[in-house]
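Each chain, written out:
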Amino acid sequence: MFEQLTPEYIQYWFAVGFNKFLRVFWYFCIFEFTRYIIIDYIVLFFQNLTKKSDDEKFQKARHELFLENPLISIIIPGKNEGAHLFKLTKSLAEQTYQNFELIIVDDGSDDDTPIIGKNLERLGLIDMFIRNEMRGGKASAANLALRYAKGKFIVHLDADCSFDRDAIEQVVIPFYYDEKIGAVGGNVKVRNYKDSLCASLQAIEYLKTVSVGRIITSYLGIYKIISGAFGAFRPEILDKIGGWDIGPGLDGDITVKIRKCGYKTVFAPKAICLTNAPSKFKVLKKQRLRWDKSIIRFRVRKHRDVYFPHANFSWSNFFALFENVFYNVILDIMWLLYMIDIIFNYSSSLHFIIPMNFTLYVAMSYVQMGSILLFTERKKEETKLLKFVPLMTLYTGVFLRLVRTTAYYQEFFFKRSYEDPWNPVKSSSMAKKYGL
């Protein structure tokens, strides 16, 4: 009966026993299953145990926020974002928290952004429109907005995003938990997941790595990326660290700078921001090459001091960066060693190994989606993504791995991030000169 119902490759692994299974699939069992299933579910279990007291703490903080009603400065730096600005002001006008000023910085746009921005300012839909005639890069634009911001908290947004109605209050409430919280990250999800297969796969990826992944790292105290699309900061801390340094990867960089100053960074899972992801793999590849280089540039090179003992050494900062580097860079190298191990030692069994490996990753992806659907506020919409889950093995295991490996090679040996056209040449040259 068992033989009739199960594929031959599964029967094979039952027959050879657990020891050989563990020997062949050691990479999956030790690293992938442990990190993305066991640790995730343990943390979610403990988090659920304290849910009642966490809810009470949240309500108390929310009450304090609305009682104080502080001014919040929302800053939006960007280039050629004019087409998104009216929709953005509409999205923000519907927020449950309304005491905010809206500052938009145009970083040398060569489209109609200046005309649109000035019109919105004239109509009173934004509080301030500032234009850099000469492009200085996103960090420069954000720092310029910071000079004019008057709010108790700074919220940094991307212009092409939209937000749930309570997103602004959700992202600043954690500041009322603890004065040592220096920055809060919002929960970024993919809005255009219906556009293409590429966008659907990214929607699942964001749910895994952002929605759930950052709940886990925040709970463990090792949260290390306040998303540039949606994040909140205490302005006095931004002043203290000198604002944003030039990117790419400036969001992860500023988070580490804040942590190194002794402040906590936390994730607000109910502060929902929706963004458009690339709908073509060619565009996605370009974006990820830029993002992945930042791991080498910032986490390996610029902030390498967190790995060594010194007067301000912090274990939480050490583990925050080490976890990031280990699960991306080091495991990328170990995956190559794993492939060599399998090809040299088990080449005659590849017709059993490959389908089993695929089965393990698909099963793990569905288990991960199970945890996502337990907590999501968009259960009906995100359930539609389940049909794409089997393809995630190829997407993350092959496509993203190849892109990632290429990016690491280019940055580690050639520092290619300084040649990225995402920043002006002059800014990148200065950043390279000063090791930023």
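Reading the values: rules and limits
Residues numbered from 1 in each chain as written. Predicted model: local features only at pLDDT ≥ 70, side-chain atom pairs only at ≥ 80, totals over all residues. Heavy atoms only, no water. Helix = DSSP H or I, 4+ residues; strand = E, 2+ residues; numbered from the N terminus. Rg over C-alpha atoms; globule rule 2.2 N^0.38 Å. Buried < 20%, exposed > 50% of the residue type's maximum accessible area, 1.4 Å probe, protein only. Expected span 1.5 Å × (residues − 1). Bend = angle between axes of the 7 residues up to and from the residue. Lys, Arg positive; Asp, Glu negative; His and termini not counted. Salt bridge = Lys/Arg side-chain N within 4 Å of Asp/Glu carboxyl O. Polar contact = N/O pair within 3.5 Å; in protein donor to acceptor, adjacent residues only side chain to side chain. Contact = heavy atoms within 4.5 Å. Axes fitted to C-alpha atoms, helices over the stretch in contact; angles between N-to-C directions. Parallel < 35°, antiparallel > 145°, perpendicular 65-115°, else oblique. Left-handed = near helix turned anticlockwise from the far one by under 90°. Nonpolar A, V, L, I, M, F, W, Y, C, P; charged D, E, K, R; others polar. Phe/Tyr/Trp six-rings, centres within 6.5 Å; stacked < 30°, edge-to-face > 60°. Lys NZ or Arg CZ within 6 Å of the ring centre and 35° of its normal.

K.L.:
For this particular structure, what's the right way to read the overall build of the protein?
P.N.:
The helix and strand inventory of the protein stands at 18 helices and eight strands. Relative to its length of 436 residues, the protein is compact, with a C-alpha radius of gyration of 23 Å against a globular reference of 22 Å. Its C-alpha atoms give the protein principal-axis dimensions of roughly 75 × 50 × 50 Å. A total of 436 residues make up the protein; the buried ones form 54% of that total.

K.L.:
I would appreciate a short explanation of helix H10 (residues 197–219) in the present structure.
P.N.:
Because an α-helix packs 3.6 residues into every turn, residues spaced three or four apart end up facing the same way. The end-to-end C-alpha distance of H10 is 32 Å, a good match for the 33 Å that 23 residues give at a rise of 1.5 Å each. Where H10 bends most, the angle comes to about 40°, and this point is Gly213. Counting buried residues in H10 gives 20 out of 23 residues, a clear majority hidden from the surface. Positive phi appears at Gly221, one or two residues downstream of H10, with a value of about 80°.

K.L.:
Even after reading the chapter, I still don't get the side chain of Lys208, so can you show me in this structure?
P.N.:
Structurally, Lys208 can be placed in helix H10. For the buried Lys208, no salt bridge exists, and the shortest N-O distance to an oppositely charged side chain is 9.2 Å, to Glu32. Here the side chain of Lys208 touches Gln368 through a polar contact of 3.3 Å, side chain to side chain. What Lys208 contacts, discounting residues up to four positions off in sequence, is Gly213, Ser365, Gln368, Ile372 and Met392.

K.L.:
Explain the packing of helix H4 (residues 26–49) against helix H15 (residues 350–375) to me, please; I cannot follow it from the model alone.
P.N.:
The angle between the axes and the distance between the axes are what describe a pair of packed helices. One way to put it is that H4 packs onto H15 with a least axis distance of 11 Å and a crossing angle of 15°. Compared by their axis directions, H4 and H15 come out roughly parallel. Considering the relative orientation of H4 and H15, their crossing is left-handed. Within the contact between the two elements, H4 uses Tyr27, Phe28, Glu32, Phe33, Tyr36, Ile37, Tyr41 and Leu44 and H15 uses Leu360, Tyr361, Met364, Val367, Gln368, Gly370, Ser371 and Phe375. Per-class residue counts for the contact of H4 with H15 are twelve nonpolar, three polar and one charged.

K.L.:
Is there a simple way to think about the packing of aromatic side chains in this case?
P.N.:
Think of a pair of aromatic rings as described by two things: how far the centres are apart, and how the planes are tilted against each other in angle. With the rule as written, the count across this model stands at 35 aromatic pairs. For the pair Trp13 and Phe21, a centre-to-centre distance of 6.1 Å together with 80° between the ring planes defines the contact as edge-to-face. Over the ring of Tyr263 we find Lys180, and its NZ or CZ is 4.4 Å from the ring centre. The ring of Tyr418 is capped by Arg297, whose NZ or CZ atom sits 3.9 Å from the centre of that ring.

Worth remembering: the numbers are spatial, not functional.
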